[in-house]
Amino acid sequence: MLAYAIRRFGQSLFVLVLMSFIVFVGVYAIGNPVELLVNPQADEVERARATAALGLDKPFLEQYWVFLKGAASGDLGRSFVYNVPALDLILDKLPATIELAFVAMVIAIALGIPLGLVAGLKPDSAIGRGIMAGSILGFSLPTFWVGLVLIMVFSVQLGWLPSNGRGDTLAVAGIPVSFLTADGLAHIAMPAVNLALFKLSLLIRLTRAGTREAVLQDYVKFARAKGLPQSRVIGVHVLKNILIPIVTVIGLELGSVIAFAIVTESIFAWPGTGKLLIDSINQLDRPVIVAYLLVIVTLFIVINFVVDVLYSMLDPRVRLGGAAASH
Amino acid sequence: MLRFLRLALAALAVLALPAATLAKEREVSIGLQAAITSMDPHYHNLSPNNSMMLHMFEPLIKRDANQKLVPGLATSWKAVDDLTWEFKLRKNVRFHDGSPFTADDVVFTLKRVPNVPNSPSSFATFTKPIVDVKVVDPHTIVFKTATAHVLLPSDLASVMIVSKLHGEKASTEDYNSGKAAIGTGPYKFAEYVPNQRVVLKANYGYWGGEEPWDKVTFKILTNAAARVAALLSGDVQMIETVPTADIGKLSSDKRFSLVDKVSNRVIYVHLNQRSDTAAPFITGKDGKPLAKNPLKDPRVRKALSIAINRDAIADRVMEKRAVPAGQLLPDFFFGTSKKLKPAKYDPEGAKKLLAEAGYPSGFAMTIHGTNNRYINDDKVAQAIAQFYSRIGIDAKVETMPASVYFTRATKGDFSYMQLGWGTESGEQGSSLRSLLATYDAAKGMGVTNRARYSNPELDALITQAMSTIDDKKREGLIQKAAEIAMADTALIPIHYEVSTWATARGFAYQARTDQYTLATGLKPAK
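Conventions adopted
- Residues numbered from 1 in each chain as written.
- Chains lettered and ligands numbered in written order.
- Predicted model: local features only at pLDDT ≥ 70, side-chain atom pairs only at ≥ 80, totals over all residues.
- Heavy atoms only, no water.
- Helix = DSSP H or I, 4+ residues; strand = E, 2+ residues; numbered from the N terminus.
- Rg over C-alpha atoms; globule rule 2.2 N^0.38 Å.
- Buried < 20%, exposed > 50% of the residue type's maximum accessible area, 1.4 Å probe, protein only.
- Contact = heavy atoms within 4.5 Å.
- Areas by Shrake-Rupley, 256 points an atom, 1.4 Å probe, with all protein chains shown as cover.
- Polar contact = N/O pair within 3.5 Å; in protein donor to acceptor, adjacent residues only side chain to side chain.
- Phe/Tyr/Trp six-rings, centres within 6.5 Å; stacked < 30°, edge-to-face > 60°.
- Axes fitted to C-alpha atoms, helices over the stretch in contact; angles between N-to-C directions.
- Parallel < 35°, antiparallel > 145°, perpendicular 65-115°, else oblique.
- Nonpolar A, V, L, I, M, F, W, Y, C, P; charged D, E, K, R; others polar.
- Buried area = accessible area lost by both parts, 1.4 Å probe.
- Salt bridge = Lys/Arg side-chain N within 4 Å of Asp/Glu carboxyl O.
- Pairing = 2+ DSSP bridges.
- Patch = residues over 30% accessible without salt bridge, like charges linked within 9 Å, V, L, I, M, F, W, Y side chains within 5 Å.

A. How the structure looks around the overall build of chain B. The helix and strand tally for chain B stands at 17 helices and 22 strands. Its C-alpha radius of gyration of 26 Å places chain B within 12% of the 24 Å reference for a compact globule of 526 residues. When its C-alpha atoms are laid out on the principal axes, chain B stretches across 100 × 55 × 40 Å. When the 526 residues of chain B are sorted by exposure, 59% land in the buried category. The contacts in chain B between residues at least 6 apart in sequence include a share of 68% that link residues at least 24 apart. Surface accessibility of chain B: about 21,300 Å² in total, with carbon and sulfur atoms responsible for 54%.

Spelled out as structure tokens, the structure:
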């Protein structure tokens, strides 16, 4: 286990360095941030001063070296635009994004797995067909459009929910969360549902497919023949066996929800990192772009690690890092 | 007696009720389209920031809704001679903490402006011409410049005065946290959350009289649909930059009202004249390079200008949110010429001019523009290409995000560059100097002349105007310079953008040419 963790850590570090270099090259190739930051009326002296102030007067590789040296001591540079440490800017916004992602995933899991089970157990019933039709809608409607429709119905027409922003927060272990206050819940409801819709459909389909396959297996038939109650057959024999692919997908999707909540965040003006990233790309705010991607890659790495650990708990045949691992 | 007292109390309670709801009504929320990057008034010279700063801080000279200079913290100013300006400061003005405003704060401000660490766009451009400051008395101050600097009052209108007491050791962080964000303006700092919101509270002791709002919340709603939704649902009472697609819907809805105004931003085309022989992205129709750069020929430039139907673009592409342009600023601004009208649409005349210039069958060209910077910028470029096909020019359109576009445009990668220019100074001289004077980095001439257009006659007039203190004479010189530039089609003005604000019923906004969204301009409607 320990050796496995250490090897994973080494691989991760390499990925992080490689990624930061690619982003550096990418931003460098796109354009010169000074063009966007400096007032167009400014003269050459002012341009030169701004270029030097942002450290952009140095050769490219030297700029990268300066970044690496800083990164080694935990300093990812200061935002060109906001003049605050880029990492602070992101960590400030990250709780909002993670909260949104988690609430969305909870909605998707809490609804998706039961609905998928029902659809899988009764594929030909009206309910089963209805669930599948709904999941097709969830797949095919663009997030952007659904978000606007939600706002139109619940904020503009009915006036029940606020159309933008994050509600009152409470600090839990120093991290501000909003889902514990009534105002916070009212604010998070629509963006979370909007974000959950696609994942919900995905989980329904995945669970349904797994269930349909599992109920035909001998061990399920045997369990039934043994006279086990329906709840135990489904809850233990079916569900546990179809969970491995579902956990994989949930893990992957959680990462992608955090990283790509951008559309939802911008429609609902949710003060998360997605909105910050888009603005930073438009402004070529390189320190923020690099820091954001590093944080997200780190998150992916951690989530994947957790998923691997979960595998080994769900399926005793899976061993972490062992050559005999059979997944 | 007791019964009477009870009655009186009940009456009081009833009277107090509307008062309580009124107190709630003195709060207002406004949706902005761009982030405020700092609360330090000297950190980042950026329109959204400058607009926000005007609530908490004040410059010596302010600009009214038409960008005319009006007294701010200075009550009057005059040029004593070509190199000396005397400013009389307003008396009995207090900062938010109660400390008095004096000439020392002005001296401190001028010292601080060029020394803000890591500033990505400094205000030093405005203070640099001042080489010496003399405090005559606490309310009289004299500025010396090295050369005649006619734009000094206009420059100082962009510099917010900060408190010496609180600013001396303050960094940009101290302004962002509110610790040092202490000015003389009508609103006080309450909260700043980057990329999310700014909250301000009324400064009841304001010298200019009390504002109608106790609390103003600015929400950053960069997504246009989200901004409109926030207004529709009542989360905000006003939004700026209403998307053209929603204007029809909002204007027919009785719960809202729209107000618009032509802005100081012109959308124009720079024509690359860096080389006599080669023009990037311009070839013969067969794809072979041309012998000469056609854009060097004023007849070709004029043909490219009169081939554009500006009325059609303003009416259809911009849905009336643009006014066809004939110079760099709408003609009520200082230094604009009433003689300069938008070029008349004349495709036949354009064909004739092209033939005279030696291109009877036209040529092939790529139009380059942004796709996320100006209102409908990519659609405007497409429309222009259509008009060119009618005069025999094969025009392709290539648009890209501003982050990519400006770097390449500055390098001279493009020939036909669609761009925008907002004149913050509110007078045409500085625009002519930046966009059309011969490029000379050392002298600060033509700093944004991406075309490298050069005309010695125009340069001479601009230089002369920029050293003529007398307003009347200077205005005449600038007008003449503009007329010469436009007769030579030094650039192609397309239109002035019209900015639109939408408010909920019961509110009225004083629209501005500088596109600023100010809580001080928002009043309860009568």
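B. Quick look at helix H15 (residues 428–435) of chain B. Residue and element names in this part refer to chain B. Most of H15 sits inside the fold, with seven of its eight residues counted as buried. Among all positions of H15, only Gln-428, Gly-429, Ser-430, Ser-431, Leu-432, Ser-434 and Leu-435 are buried. As for H15, its buried residues are in contact with strand E14 (256–271), strand E19 (416–422), helix H16 (456–465) and helix H17 (471–487). Of the residues flanking the start of H15, the one acting as N-cap is Glu-427, its side-chain oxygen 3.2 Å from the backbone nitrogen of Gly-429.

C. Here's a closer look at the environment of B:Lys302. All names here are of chain B. Inspection of the secondary structure assignment puts Lys-302 in helix H10 (residues 298–306). Judged by relative accessible area, Lys-302 falls into the partly exposed class, the value being 40%. Along the sequence, Lys-302 and Ala-350 sit 48 residues apart, while their C-alpha atoms lie 7.4 Å from each other. Residues contacting Lys-302, with those up to four places away along its chain left out, are Leu-353 and Thr-489.

D. Representation of the packing of aromatic side chains within the structure. Residue and element names in this part refer to chain A. Inspection of every chain in the model, using the stated rule, returns 24 aromatic pairs over all chains. Between Phe-24 and Phe-60, the aromatic rings sit 6.3 Å apart at their centres with planes inclined by 55°, giving tilted as the arrangement. Taken together, the residues span a long stretch of sequence, with Phe-24 in helix H1 (residues 2–30) and Phe-60 in helix H4 (residues 60–72) at a distance of 36 residues. Like Phe-60, Phe-24 is buried. When the ring of Phe-154 is compared with that of Trp-160, the centres are 6.1 Å apart and the planes differ by 45°; the resulting orientation is tilted. The class for Phe-154 is partly exposed, based on a relative accessible area of 27%. Feature note: the residues Phe-21, Phe-24, Tyr-28, Phe-60, Tyr-64 and Phe-67 constitute an aromatic cluster, connected by ring pairs.

E. How the structure looks around the packing of helix H10 (residues 230–259) of chain A against helix H13 (residues 286–314) of chain A. All names here are of chain A. The contact between H10 and H13 brings their axes to 9 Å, and the two run at 170°. Judged by the inter-axis angle, H10 sits roughly antiparallel to H13. Residues Lys-240, Leu-243, Ile-244, Val-247, Thr-248, Gly-251, Leu-252, Leu-254, Gly-255, Ser-256, Ile-258 and Ala-259 of H10 lie in contact with H13, whose contacting residues are Tyr-292, Ile-296, Leu-299, Phe-300, Ile-303, Asn-304, Val-307, Leu-310, Tyr-311 and Leu-314. A breakdown of the residues in the contact of H10 with H13 according to their chemical character gives 16 nonpolar, five polar and one charged.

F. A look at the interface of chain A and chain B. Taken together, the contacts link 47 residues of chain A with 52 residues of chain B. Regarding the contact of chain A and chain B, the summed buried area is about 4,000 Å², with carbon and sulfur atoms giving 48% of it. Broken down residue by residue, the surface that chain A buries against chain B is led by A:Gln41, A:Tyr82 and A:Asn83, which jointly contribute 16%. The salt bridge involving A:Glu35 is made with B:Arg450; its shortest N-O contact spans 3.5 Å. Considering every element that reaches the side of chain A that touches chain B, the biggest residue donor is helix H3 (residues 44–53) of chain A, with seven residues. Across the side of chain A that touches chain B, the residue classes break down as 26 nonpolar, eleven polar and ten charged.

G. Molecular detail of the pairing of strand E17 (residues 364–370) of chain B. Residue and element names in this part refer to chain B. Burial analysis of E17 places seven of its seven residues in the buried class, the great majority of the element. Burial along E17 is two-sided: the face carrying Ala-364, Thr-366, His-368 and Thr-370 and the face carrying Met-365, Ile-367 and Gly-369 are both buried. Inspection of the sheet shows strand E15 (residues 282–283) paired to E17 by two bridges, in the antiparallel sense. Of the residues in E17, the one forming a bridge with Thr-283 is Ala-364. When E17 meets strand E18 (residues 394–400), the two strands line up parallel, connected through seven bridges.

H. Structural context of a nonpolar patch on the surface. Residue and element names in this part refer to chain A. Taken together, the side chains of Leu-137, Leu-141, Trp-145, Val-149, Met-152, Val-153, Leu-158 and Trp-160 define a hydrophobic patch exposed on the protein surface, amounting to about 740 Å² of accessible area. Here the nonpolar patch takes four residues from helix H7 (residues 143–157), the largest share from any one element. Tracing the chain through its elements places Leu-158 in the loop between H7 and strand E1 (170–172).

I. Spatial organisation of the sheet that holds strand E5 (residues 74–81) of chain B. Residue and element names in this part refer to chain B. The four strands lie next to each other as E5-E6-E8-E7, forming an open sheet whose pairing is antiparallel. One side of each edge strand has no neighbouring strand; the edge strands of this open sheet are E5 and strand E7 (130–137). For this sheet the average axis-to-axis angle between neighbouring strands, irrespective of direction, equals 20°. Across five bridges, strand E6 (residues 84–89) lies against strand E8 (residues 140–145) in antiparallel orientation. Counterpart to Thr-84 in the pairing with E8 is Lys-144.

J. The side chain of B:Gln273, seen in detail. Residue and element names in this part refer to chain B. By secondary structure assignment, the location of Gln-273 is in the loop between E14 and E15. Judged by its relative accessible area of 5%, Gln-273 falls in the buried class. A distance of 2.8 Å separates a polar side-chain atom of Gln-273 from the backbone oxygen of Leu-271.

K. Here's a closer look at unusual backbone geometry. With a phi angle near 65°, B:Gln67 is a residue other than glycine that sits in the positive phi range. Judged by relative accessible area, which is 4%, B:Gln67 ranks as buried.

L. Quick peek at the environment of A:Arg286. For A:Arg286, the position within the fold is in helix H13. For the pair A:Arg286 and A:Ala209, spaced 77 residues apart in sequence, the C-alpha to C-alpha distance is 44 Å.

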